[in-house]
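# Structural characterization, general
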Amino acid sequence: MTLPFFVYGTLRPGEVNHDLFLRGRTRSEEPGRLADAVLYDGPGYPYAVEEPGGGVVRGELVTALPEAYPGLLAELDRLEEYVPGDPRSLYLRVERKVVRDRDGAGVRAWVYVAGQRAAARLRVTGRRVEGGEWRGRGRARGPA
């Protein structure tokens, strides 16, 4: 299934991983928001944690060029330490509805959310990012 990606941290334009992974491989990048999630500040990168009624995470909907999609999907899974079917994955890649800012349309997209163990830890000891906007926090740090 070919879906756009919703990125909210180091993969956003102007952040450290955008040029490494996305530059020249996308057809479009446009602002959007993920509801029912809260954002936590991690060690150099953020985590979206799903929480019904919890808030909104802001980011970009990224549509990959068709010829770049398979390789990009595999690279982003590695970057996010996601292994399909492995509950120990740092992040999980899930299909969610993301609202596109320009027209309010709901778009199905891949979103990397905190894995079960990371989400449980963040709910207890994590620092929430108020307003769900992480842009600018990762520029001085290394890649995720």
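Structure report, in brief.

Definitions and limits used
Residues numbered from 1 in each chain as written. Predicted model: local features only at pLDDT ≥ 70, side-chain atom pairs only at ≥ 80, totals over all residues. Heavy atoms only, no water. Buried < 20%, exposed > 50% of the residue type's maximum accessible area, 1.4 Å probe, protein only. Helix = DSSP H or I, 4+ residues; strand = E, 2+ residues; numbered from the N terminus. Arc of directions from axis to C-beta. Contact = heavy atoms within 4.5 Å. Pairing = 2+ DSSP bridges.

### Structural notes on helix α3 (residues 116–125)
All buried positions along α3 are accounted for by Ala118, Ala119 and Leu122. Down the axis of α3, the sector holding all buried residues measures 100°, keeping them to one side. Across from the buried face of α3, at angles greater than 90 degrees, the exposed residues are Gln116, Arg117, Val124 and Thr125. Its buried side turned inward, α3 meets β3 (37–41), β4 (46–50) and β7 (106–114).

### Concerning the pairing of β4
Burial runs high along β4: four of the five residues are buried. In this sheet, β4 lies alongside β3 in antiparallel orientation, the contact comprising five bridges. Its bridge partner being in β4, Tyr40 is matched across the sheet by Tyr47. What sits between the antiparallel neighbours β3 and β4 is a turn of four residues, in which Gly44 has the positive phi angle 100°.

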